[in-house]
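Geometric and topological summary
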Amino acid sequence: MAAVAAVALAVLFAGGAVTVASADRDEAPATPVSSSADAGFARDMAVHHQQAVEMSFIVRDRTKDEAVRRLAYDIANTQANQRGMMFGWLDLWGLPKNESGVAPMAWMGMGDMGDMGDTDGALMPGMATNAQLDELRRASGRDAEVLYLKLMTAHHRGGVHMAEGCVQKCTVDIERKLAQGMVDAQKSEIALMADMLKERGA
């Protein structure tokens, strides 16, 4: 009888575990759809980040100033890693990294940005134009440092705006936490770059 009772208890506990596991699955958030803020932010911020990485590599070749080179290195590494995370989430969700026919920032209710006309490569707020990138490639020394700091300050402000949108609209906790981390880090770097510009008389 003791053995029968033990088996019965084991079955009971197993059934309870299955019920709890099932309940956990039921409460888990659904995979984001392609039109969600989660997917839109991941796509748009990945593009936004790529330009920051590009500008940072450009300025590292155009100046020998260690403070600017160190900042550029930190920004390039951080944003390249975050970009990889966002692309990884899109892969995990089974969603495309590019959504044809969807304007940048549509997930924020700013889908009319595509009607702004010729933006010369500046697809989203804060992004540098192709002409500005060419100017950075031609500059050197202090001129390159000042231009980079100004362009990256504008870039960060646009990025903060986007990240704050995700904090409000995204539903995936880990993505919202990343977005809040971007807000905090980029606001800190904006303050740092303001000091660096003052040091260079700009």
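Residues numbered from 1 in each chain as written. Predicted model: local features only at pLDDT ≥ 70, side-chain atom pairs only at ≥ 80, totals over all residues. Heavy atoms only, no water.

**As for the overall build of the protein**
- Along the protein, the regular secondary structure elements total six helices and zero strands.
- Scanning the protein from its N terminus toward the C terminus, one meets helices and strands in the order α-α-α-α-α-α.
- The buried share among the 202 residues of the protein stands at 39%.
- Restricting the contact set of the protein to residue pairs at least 6 apart, pairs at least 24 apart contribute 74%.
- Accessible surface computed for the protein: about 11,000 Å², of which carbon and sulfur atoms make up 56%. (Helix = DSSP H or I, 4+ residues; strand = E, 2+ residues; numbered from the N terminus. Buried < 20%, exposed > 50% of the residue type's maximum accessible area, 1.4 Å probe, protein only. Contact = heavy atoms within 4.5 Å. Areas by Shrake-Rupley, 256 points an atom, 1.4 Å probe, with all protein chains shown as cover.)

**Description of the environment of Met86**
- Turning to its location among the elements, Met86 is positioned in helix 3 (residues 66-93).
- Separated by 41 residues in sequence, Met86 and Met45 place their C-alpha atoms 8.2 Å apart.
- The residues contacting Met86, other than those within four sequence positions of it, are Phe41, Ala42, Met45, Ala46, His49, Leu178 and Met182.

**Observations concerning the layout of surface pockets**
- Space inside the largest pocket adds up to approximately 300 Å³.
- Residue lining of the largest pocket: 18 residues in total, with Arg43, Asp44, Glu99, Val102 and Ala103 positioned closest to the centre.
- Residues of the lining of the largest pocket, tallied by class, amount to nine nonpolar, five polar and four charged. (1 Å grid on protein atoms, 1.4 Å probe; cavity = no way out; pocket = protein on both sides within 12 Å on 5 of 7 lines; lining within 4 Å. Points joined across faces, edges and corners; volume = space filled by probe spheres on them. Nonpolar A, V, L, I, M, F, W, Y, C, P; charged D, E, K, R; others polar.)

Don't take any of this as a statement about function, it's just geometry.
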